[in-house]
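The chain contents come next:
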Amino acid sequence: MQTEIGAMLDAWPTPFPSRRAAVEFFGGGPVGEGWAGGLEERDGGWWPRFDRDVMVAALTENARRSFRDEWASITCPTPVVLGRSGIVPPPETEPCCNSARRQWR
């Protein structure tokens, strides 16, 4: 998993020549804007604001394990807020929303 995440980040054409180029590289729309929002302009281009190795470690941990047990243990009403154009597929969000304790929004 770490190798795959690292390879994905290493494939970014950094520095991006412009913020617009970064938005387009990341697919445009809200998703592209979101990813481009993590860049900063310096040294004549647009670079990630994060340290590559720290990001790889953080994403690897989140991708490696499920948090469903923790989510299922919450007993108080919990709102579930999803973006209209989010990138998390419905099969992953439905278990969070299909509980009597959840308030769908």
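Counting restarts for each chain: residues are numbered from 1 in the order of the written sequence. Local features in this predicted model are restricted to residues of pLDDT 70 or higher, and side-chain atom pairs are both shown and tallied only at a pLDDT of 80 or more, whereas totals for entire chains, interfaces and linings draw on every residue. With hydrogens and water stripped out, all remaining heavy atoms of the structure feed into the side-chain values.

Trainee: Explain the side chain of threonine 78 residue by residue, including any values.
Mentor: Each helix is a run of DSSP H or I of at least 4 residues and each strand a run of E of at least 2, with the numbering of both proceeding from the N terminus. With respect to the helices and strands, threonine 78 occurs in strand β3 (residues 78–80). Note on classification: 1.4 Å probe, protein chains only; a residue is buried when its accessible area is under 20% of the maximum for its type, exposed when over 50%, partly exposed between these limits. Given the relative accessible area of 13%, threonine 78 is considered buried.

Trainee: Pulling in residues and values, what's your account of the pairing of strand β2 (residues 45–48)?
Mentor: The pairing of strand β1 (residues 39–42) with β2 spans four bridges and is classified as antiparallel. Across the sheet, residue glutamate 41 finds its bridge partner in β2, namely tryptophan 46. Hairpin connection of β1 to β2: two residues between the antiparallel strands, including aspartate 43 at a positive phi of 55°. Here, a strand pair is defined by DSSP locating no fewer than two bridges between the strands.

Trainee: Outline the nonpolar core, supporting the account with residue identities and numerical values.
Mentor: Side-chain atoms within 4.5 Å link the members of a nonpolar core, which is a set of buried Ala, Val, Leu, Ile, Met, Phe, Trp, Tyr and Cys residues. The biggest cluster of nonpolar side chains holds 11 residues, and these are Ile5, Leu9, Trp12, Phe16, Ala22, Val23, Phe26, Ala36, Leu39, Trp46 and Val56. Those elements that place two or more of their residues in this core are α1 (2–10) and α2 (19–25). With residues up to four places along the chain from it excluded, the contact list for leucine 9 reads Phe50, Arg52, Met55 and Val56. We call two residues in contact whenever any of their non-hydrogen atoms come within 4.5 Å of each other.

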